[in-house]
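Per-entry structural report
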Amino acid sequence: MFTKTESDMTPALPYDDQGVPVSVKIRERVKAARQRFHSNDNIADFIQPGELDKLLDEVAGKMQGVLESLVIDLDNDHNTGDTARRVAKMYIKEVFNGRYVKGPAVTEFPNAEHLNELMIVGPITVRSACSHHFCPVIGRIWIGVMPNEHTNVIGLSKYARLAEWIMGRPQIQEEAVVQLADLIQEKTQPDGLALVMEASHYCMAWRGVKDMDSKMINSVMRGVFLKDSNLRREFLSLIPR
Ligand SMILES: [Zn+2]
């Protein structure tokens with residue numbers, strides 16, 4: 001059972017009448033539905049209206065505790081007084097928002113012109129954070145689509161919206177590209193899909209080996225891009241890297 005204490009230095013956590021934190025209630029719903037809730041999973045279906053703000057309050061309270069444990073004088077340091085809430089807001093509403101909101105609405109159009117030529121979209125700038133260190137991952141992706149006459153067509157800007165939603169979660173690059181490829185595959189049903197992501201990982205630049213220049217490159221090839229090496233070469237040669 002969860003109990004509320006008054007004397008705590010941290011702000012009151014958002015408990016309900018029974019003293020249950022909102023994160024526990026959301027987690028129970030996810031578990032009851034037997035869904036995964038890894039850092040790069042979306043859990044929007046399990047969050048009720050108004051709960052995201054309560055979750056932000058809860059994270060701000062916990063973050064305040066982290067700052068206290070880092071022995072920062074939160075009462076007198078004018079720079080860090082609101083940092084806990086700023087960080088909580090950044091996580092929930094900005095950089096990890098792709099976990100907490102439903103996917104962008106994407107209107108699909110029938111392929112009226114029966115396009116069947118290679119189409120390349122990119123570079124799309126992507127921003128994420130690694131799930132190991134919560135350090136930024138900033139990079140670019142290129143998407144190659146080989147449509148057939150039944151393939152749905154989506155607007156160019158929609159690829160960027162879908163990418164933003166997938167990348168707005170703590171990710172590892174290898175899984176992020178697969179998640180995005182699966183989503184685009186599902187929305188457009190092309191004969192082939194190719195995806196290349198090149199990104200700088202700040203957990204290698206800011207800490208660790210402190211290498212400022214290394215980039216990680218991942219590719220996913222589906223359908224005709226797997227079978228047809230000429231098509232694959234054409235796609236890769238057209239990407240201005
Ligand atoms: Zn990392």
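Presented here is a report on the structure given in the accompanying data block. (Residues numbered from 1 in each chain as written. Predicted model: local features only at pLDDT ≥ 70, side-chain atom pairs only at ≥ 80, totals over all residues. Heavy atoms only, no water.)

A word on the nonpolar core. Judged by nonpolar contacts, the single largest core of 29 residues is most densely connected at Ile141, Ile143, Leu180 and Leu195. Elements with a contribution of two residues or more to this core: strand E1 (119-130), strand E2 (136-146), helix H5 (156-167), helix H6 (173-188) and strand E4 (192-201). Not counting residues within four places of it along the chain, the set of residues in contact with Ile141 comprises Val121, Gly122, Pro123, Ile124, Val126, Ala163, Leu180, Leu195, Val196 and Met197. One finds Val22, Leu52, Ile92 and Ala129 within the second-largest nonpolar core, a separate group that totals 12 residues. (Core = buried A, V, L, I, M, F, W, Y, C linked by side-chain atoms within 4.5 Å. Buried < 20%, exposed > 50% of the residue type's maximum accessible area, 1.4 Å probe, protein only. Helix = DSSP H or I, 4+ residues; strand = E, 2+ residues; numbered from the N terminus. Contact = heavy atoms within 4.5 Å.)

Bringing the environment of Met63 into the picture now. Secondary-structure assignment places Met63 in helix H2 (residues 51-69). A sequence separation of 23 residues divides Met63 from Arg86, and the C-alpha atoms of the two residues are 9.6 Å apart. For Met63, the residues in contact, after removing those within four places along its chain, are Ala84 and Val87.

Working reference: metal with six octahedral donors, ideal angles 90 or 180 degrees; metal with four tetrahedral donors, ideal angle 109.5 degrees. Coordination of the zinc ion by the protein comes from Cys130 (SG), His133 (ND1) and Cys203 (SG), over a distance range of 2.2 to 2.3 Å. Sequence spacing of the donors to the zinc ion: C-x2-H-x69-C. For Cys130, a relative accessible area of 4% puts it in the buried group. Taking relative accessible area as the criterion, His133 reaches 37% and is therefore assigned partly exposed. (Donors = N, O, S within 2.8 Å, 3.2 Å for Na, K, Ca; no water.)

Structural measurements only, silent on function.
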